[in-house]
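Below, each chain spelled out in residue letters.
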Amino acid sequence: MNTPAIAILFADRDGVYSSFPVDIWDKSRDARCYDGDSPVVAHPPCESWGKLYAMKKGRRLGDDDGCFAAALAAVERVGGVLEHPEGSFAWPKFGLLPPEQGKGWIKDPFRPGWSCQVYQGHYGHPAAKSTWLYYVGSVPPPALNFSSSPGGRDLCRLSSRARRTTPLYFAQALIDLAELARRGELVELAGREQLAELARRRELVDLAVPGKLAWPINLVHRCDLAYLAVPAHRSQLV
């Protein structure tokens, strides 16, 4: 049985992701223990990191049993995307660069990823639901819908389940980001394999041709490298 290409961490098995061919890590599997190689979409619990964390008596800031730390480690290890509410205190706690509204993706100068702010309301949520994302991949992330707030219902007036729900189209966008991280890695791997093969061929030719012909061989080698750099050809490697 083939393992799904994308792992979903900290998600409900019967939730929106059940509609996709993904590997769901729910509470029973303990997503903190994820050690696979597939890129991830991570939804670590946010109750202890949000602006209203103190509303529940006895709750301490960041008291999530290491869920956010595990999610961040997984994203930075295998690539993918992490989602949390706008203003999450986890961002400064873990040294992530806070995104700015309407600015799109911002590359973190001290970490391997990009951060951005989006409204899930643009993807089907009944409230605006401002959200922060952190993406890690070998290729830059694509543009999302960075438009201003679409309005909608008051998030605080929705049920707990409705507030937590990820819209279908937003789930698809997050999966697409994780798949992009995976494709970028495959292209890099294929590119390295192609370069290794070109180097091997060049060594064989160098052995068979007198040294005075080294200049033409080098020229051909450079042309081969230029061929690999053309996006139209690299896309065929995926």
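Summarised in this report is the structure supplied together with it. (Residues numbered from 1 in each chain as written. Predicted model: local features only at pLDDT ≥ 70, side-chain atom pairs only at ≥ 80, totals over all residues. Heavy atoms only, no water.)

Looking at the overall build of the protein chain
So the rule is basically this: Each helix is a run of DSSP H or I of at least 4 residues and each strand a run of E of at least 2, with the numbering of both proceeding from the N terminus. Note on exposure labels: buried denotes an accessible area under 20% of the residue type's maximum, exposed denotes more than 50%, and partly exposed covers the range between, all computed with a 1.4 Å probe on protein chains only. Residue contacts are defined here by distance: any two heavy atoms, one from each residue, within 4.5 Å place the two residues in contact. All accessible areas in this document rest on Shrake-Rupley with a 1.4 Å probe, and a residue is counted as covered only by the protein chains that are shown.
Regarding its fold elements, the protein chain presents six helices and seven strands. Written out in order from the N terminus, the α and β elements of the protein chain read β-β-β-α-β-α-β-β-β-α-α-α-α. Taken across its 238 residues, the protein chain has 40% of its residues classed as buried. Here the analysis covers contacts within the protein chain between residues at least 6 apart in sequence; of these, 63% occur between residues at least 24 apart. Accessible surface, the protein chain as shown: approximately 13500 Å² in total, 55% of it carbon and sulfur.

Some points on the nonpolar core
Put simply, the rule reads: In plain words, nonpolar cores are sets of buried Ala, Val, Leu, Ile, Met, Phe, Trp, Tyr and Cys residues tied together by side-chain atoms within 4.5 Å.
Grouped together as the largest cluster of nonpolar side chains are 26 residues, with contacts concentrated most on I8, Y17 and L133. Of all the elements in the fold, those that place two or more residues in this core are β6 (114-119), β7 (130-136) and α4 (168-208). At nine residues, the largest contribution of residues to this core is made by α4. Apart from the residues lying within four places of it in its own chain, the contact partners of Y17 are I8, A11, V22, I24, V41, H43, T166, A171, L174 and I175. Formed by 23 residues, the second largest nonpolar core is a distinct cluster that contains C67, F68, A71 and V78.

Structural notes on the packing of aromatic side chains
Quick note on the threshold: Only the six-membered ring of Trp is used, alongside the rings of Phe and Tyr, when aromatic pairs are assigned; centres must lie within 6.5 Å, and planes under 30 degrees apart are stacked while those over 60 apart are edge-to-face, with the rest tilted. A positively charged side chain is recorded as over a ring if its NZ (Lys) or CZ (Arg) lies within 6 Å of the ring centre. The angle to the ring normal must also be within 35 degrees.
Using the criterion set out here, one finds 10 aromatic pairs in the structure. Residues W91 and W132 carry aromatic rings whose centres are separated by 5.4 Å and whose planes lie at 65° to one another, so their mutual orientation is edge-to-face. In this pair, W91 is assigned in helix α2 (residues 90-93) and W132 in strand β7, connecting sequence segments 41 residues apart. One aromatic cluster is present, formed by W49, F68, W91, F94 and W132 through successive ring pairs. Residue placement shows R29 over the ring face of W25; its charged tip is 4.1 Å from the ring centre. Geometry around W114 places K107 over its ring, the cationic atom sitting 5.4 Å from the centre.

Details of the sheet that holds strand β2 (residues 23-25)
Test applied: At least two bridges found by DSSP between two strands are what make those strands a pair. Between the N-to-C directions of two axes lies an angle of 0 to 180 degrees, each axis being a line fitted to C-alpha atoms and, for a helix, fitted only over the stretch in contact.
An order of β2-β1-β3-β4-β7-β6-β5 is seen for the seven strands of this open sheet, with the pairing classed as mixed. One side of each edge strand has no neighbouring strand; the edge strands of this open sheet are β2 and β5 (106-107). As paired strands, strand β1 (residues 7-9) and strand β3 (residues 40-42) are joined by three bridges and run parallel to one another. Residue pairing in the sheet places L9 in a bridge with A42 of β3. Lying over the sheet, helix α1 (residues 67-78) contacts β1, β3, β4 (80-85) and β7, oriented at roughly 150° with respect to β4.

Thoughts on the pattern of salt bridges
Rules: Any carboxyl oxygen of Asp or Glu within 4 Å of a side-chain nitrogen of Lys or Arg constitutes a salt bridge here.
Evaluation of the coordinates by the stated rule reveals six salt bridges. The residue R60 makes a salt bridge to D63 at a minimum N-O spacing of 3.9 Å. Under the relative-accessibility criterion, R60 is labelled exposed at 58%. Linking R111 and E76 is a salt bridge whose minimum nitrogen-to-oxygen distance equals 2.9 Å. With R111 in the loop between β5 and β6 and E76 in helix α1, this residue pair connects regions lying 35 residues apart in the sequence. Residue classification places E76 among the partly exposed residues on the basis of a relative accessible area of 26%.

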